[in-house]
Amino acid sequence: MSYTDEIMERVIRENPNEPEFHQAVREVLESLRVIVEKNEEAYRRDAILERLVNPERQIKFRVPWIDRHGQVHVNTGYRVQFNSAIGPYKGGLRFHPSVNIGIIKFLGFEQIFKNSLTGLPIGGGKGGSDFDPKGKTDREIMSFCQNFMTELSKYIGADTDVPAGDIGVGGREIGYMFGQYKKLRGLFEGVLTGKGLSYGGSLVRTEATGYGLLYIVEEMLKSHGHDMAGKTVVVSGAGNVAIYAIEKAQQMGAKVVTCSDSTGWVYDPEGIDLKALKEIKEVKRARLTEYKKYRPDSEYHEGRGVWQIKCDVALPCATQNELGIEDAKLLVENGVIAVAEGANMPDTPEAFKYLQEHGVLFLPGKAANAGGVATSALEMSQNSERLHWTFEEADCKLKSIMVDLYHHIDDAAKRYGMEGNYVAGANIAGFEKVADAMLAQGIV
Ligand code: NDP
Ligand code: 2IT
């Protein structure tokens, strides 16, 4: 049996009931087959793959918190410190009822390669909780965040592990957690990214994932004789990533006609009204049902459905496995040119393989959404030098990181005879640097 197949079997055996983690590992190992075959002896001897798929450390803890009626609740907190070969652990925190150890491990595993692709010195980690922020008051959110940080603070630090936001964790939550960390540890340091601008946050971090997504899509389109101007775009999600993807797509002259949340989706043929969307989601924290009040001619539908809308570019920006094979078929039938993942692993393996086989330009999340964590690393740099860059400076760096990243994965795919396969290119290019660092640092 090949080394990659052996490892896959072992991952399934040793991590039962973690289908998302299996999915993420399988995709990477399939891509790495070519490179592993070339270096099999060295990799086997040093157990590179065994070490790659086993987190350096997994932390699971109890989070008690008090609601507005005085009732105590208990949630579970996680931090998976996956790989520190190229830098301190870095990756977001997700607060969502669907969170479990398998979800955090899939996200942490993805993060290793994504962070490597940014070209910046950050290792891979992820954390979160099964806490559901929906319907909670500010004070309840604060109580939860403080109690979560009381435990997490023992394991993180500006030079060891630097969490940030993800689903359900934005500026408000980062602020509460930063305050609690500072109080407990007595350290005003860059222990979290995505902080507010008044206490060490970086300009552009809020916009970074969505903007970065559009920068890399534009570069890929340019390389294939297209550009974003005049394109019709379908976006899923209505959170941080989706909102700033829509903003940048519009700035590039594209028309974005959809967005969605966990209850339904909006089709606005005249183009999404971004001001209205920001007010609904960022200010009121309300449901998308509100959108029709601002735009009476738009359509609101319950459930899922954005992929049935005809478009040139599709950008899944909500959550994992939200775009399946039937959706991929519809997109191809409707003539889609490019699909790029703003979310982490939003396309099922069957879906992205179908897109690739039908000539659609497909960018996987670990490349396409790397702008968020890249700008987090820029925030860490600014915190270390105790300086603050301008919006233009940070945005310009983000753009050049995304443009370089595209050529890096394009080159890697070509080097291994898989031109245009950006899934393989991203996995290989991300792995090369991490494997090299692991080999150099000995058995640790
Ligand atoms: P937000 O919490 O800001 O927004 C998430 C959006 O997706 C919301 O519209 C939410 O709807 C919807 N959503 C979440 N879970 C589900 C679900 N199970 N079914 C349907 N809809 C769902 O998160 P982000 O925008 O930050 O994250 C979106 C994706 O991007 C995630 O995959 C995340 O891992 C990834 N990502 C985020 C980065 C960042 O910097 N924030 C960086 C790189 C990737 P509702 O409001 O109804 O819950
Ligand atoms: O998935 C991701 O890359 C993030 N949620 C952002 C992580 C970060 O540290 O900025």
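Now for a look at the structure at hand. (Residues numbered from 1 in each chain as written. Chains lettered and ligands numbered in written order. Predicted model: local features only at pLDDT ≥ 70, side-chain atom pairs only at ≥ 80, totals over all residues. Heavy atoms only, no water.)

Quick look at the packing of helix α16 (residues 391-415) against helix α17 (residues 422-440) now. Across the interface, α16 lies against α17 with an axial gap of 7 Å and an inter-helix angle of 100°. The angle between α16 and α17 falls in the class roughly perpendicular. Listed contacts from α17 to Tyr406, His408, Ile409, Asp410, Ala412, Ala413 and Arg415 of α16 are Tyr422, Gly425, Ala426, Ile428, Ala429 and Glu432. Tallied by class, the residues present in the contact of α16 with α17 amount to eight nonpolar, two polar and three charged. (Axes fitted to C-alpha atoms, helices over the stretch in contact; angles between N-to-C directions. Helix = DSSP H or I, 4+ residues; strand = E, 2+ residues; numbered from the N terminus. Parallel < 35°, antiparallel > 145°, perpendicular 65-115°, else oblique. Contact = heavy atoms within 4.5 Å. Nonpolar A, V, L, I, M, F, W, Y, C, P; charged D, E, K, R; others polar.)

Let us look at helix α9 (residues 240-251). Taking 1.5 Å of rise per residue, twelve residues should cover 16 Å, and α9 covers 17 Å from first to last C-alpha, within 8% of that figure. Along α9, the residues classified as buried are Val241, Ala242, Ile243, Tyr244, Ala245, Ile246, Glu247, Lys248 and Ala249. In this structure, the buried residues of α9 make contact with α8 (205-223), β6 (232-236), β7 (255-256), β8 (258-260) and α10 (274-283). Once α9 ends, the next one or two residues include Gly253, with phi positive near 90°. (Expected span 1.5 Å × (residues − 1). Buried < 20%, exposed > 50% of the residue type's maximum accessible area, 1.4 Å probe, protein only.)

A word on the pattern of salt bridges. Side-chain pairs of opposite charge can arise where the charged atoms are in close proximity. According to the stated counting rule, one finds 26 salt bridges in the structure shown. In this structure, Glu27 and Lys366 form a salt bridge, with 2.9 Å as the shortest nitrogen-oxygen distance. On the criterion of sequence distance, the pair formed by Glu27 in helix α2 (residues 19-38) and Lys366 in helix α14 (residues 365-368) is long-range, its members being 339 residues apart. For the pair Glu27 and Lys366, a shared accessibility class is recorded, and that class is buried. One salt-bridge network, held together by shared partners, links Glu6, Glu40 and Arg44. (Salt bridge = Lys/Arg side-chain N within 4 Å of Asp/Glu carboxyl O.)

Before going further, it helps to spend a moment on the packing of α8 against helix α15 (residues 370-385). Contact geometry for α8 and α15: axes closest at 7 Å, N-to-C directions at 145°. As for how α8 packs across α15, the hand of that crossing is right-handed. Between α8 and α15, the contacting residues are Arg205, Ala208 and Thr209 on the first element and Gly371, Gly372, Val373, Thr375, Ser376 and Glu379 on the second. (Left-handed = near helix turned anticlockwise from the far one by under 90°.)

This part is about the packing of aromatic side chains. Within the structure shown, the criterion is met by 19 aromatic pairs. On the numbers, 5.2 Å between centres and 75° between planes, the contact of Phe95 with Phe148 is edge-to-face. With Phe95 in strand β3 (residues 89-95) and Phe148 in helix α6 (residues 138-152), the pair connects residues that are 53 residues apart, well separated along the chain. With respect to class, Phe95 is no different from Phe148; both count as buried. Between Tyr211 and Tyr244, the ring centres sit 6.4 Å apart and the planes meet at 65°, which makes this aromatic pair edge-to-face. Taken as a pair, Tyr211 in helix α8 and Tyr244 in helix α9 lie far apart in primary sequence, 33 residues in all. Comparing Tyr211 with Tyr244, the two get one shared label, buried. Clustering of aromatic rings is evident, with ring pairs tying together Phe61, Trp65, Phe95, Phe131, Phe144 and Phe148. Lying across the ring of Trp389, Lys397 places its NZ or CZ 4.2 Å from the centre. (Phe/Tyr/Trp six-rings, centres within 6.5 Å; stacked < 30°, edge-to-face > 60°. Lys NZ or Arg CZ within 6 Å of the ring centre and 35° of its normal.)

Taken together, 26 residues lie around ligand 1, and Asp166, Thr209, Ser262, Arg287 and Asn344 are the ones closest in. At 2.9 Å from an oxygen atom of ligand 1 is found a side-chain nitrogen or oxygen belonging to Arg205. Isolated, ligand 1 exposes 890 Å² of accessible area, and the fraction of that covered by the protein chains is 82%. The set of elements that each furnish at least two residues to the shell around ligand 1 consists of α8 and α9. (Near = heavy atom within 4 Å. Polar contact = N/O pair within 3.5 Å; in protein donor to acceptor, adjacent residues only side chain to side chain. Areas by Shrake-Rupley, 256 points an atom, 1.4 Å probe, with all protein chains shown as cover.)

Further remarks concern the sheet that holds strand β10 (residues 299-302). What the three strands build is an open sheet, ordered β8-β9-β10; its pairing is antiparallel. Across the chains shown, the open sheet's two edge strands, defined by having one partner strand only, are β8 and β10. Here the strands of the sheet are splayed against their neighbours by 20° on average, with no regard to which way each runs. Here four bridges tie strand β9 (residues 264-267) to β10, and the two strands are oriented antiparallel to one another. (Pairing = 2+ DSSP bridges.)

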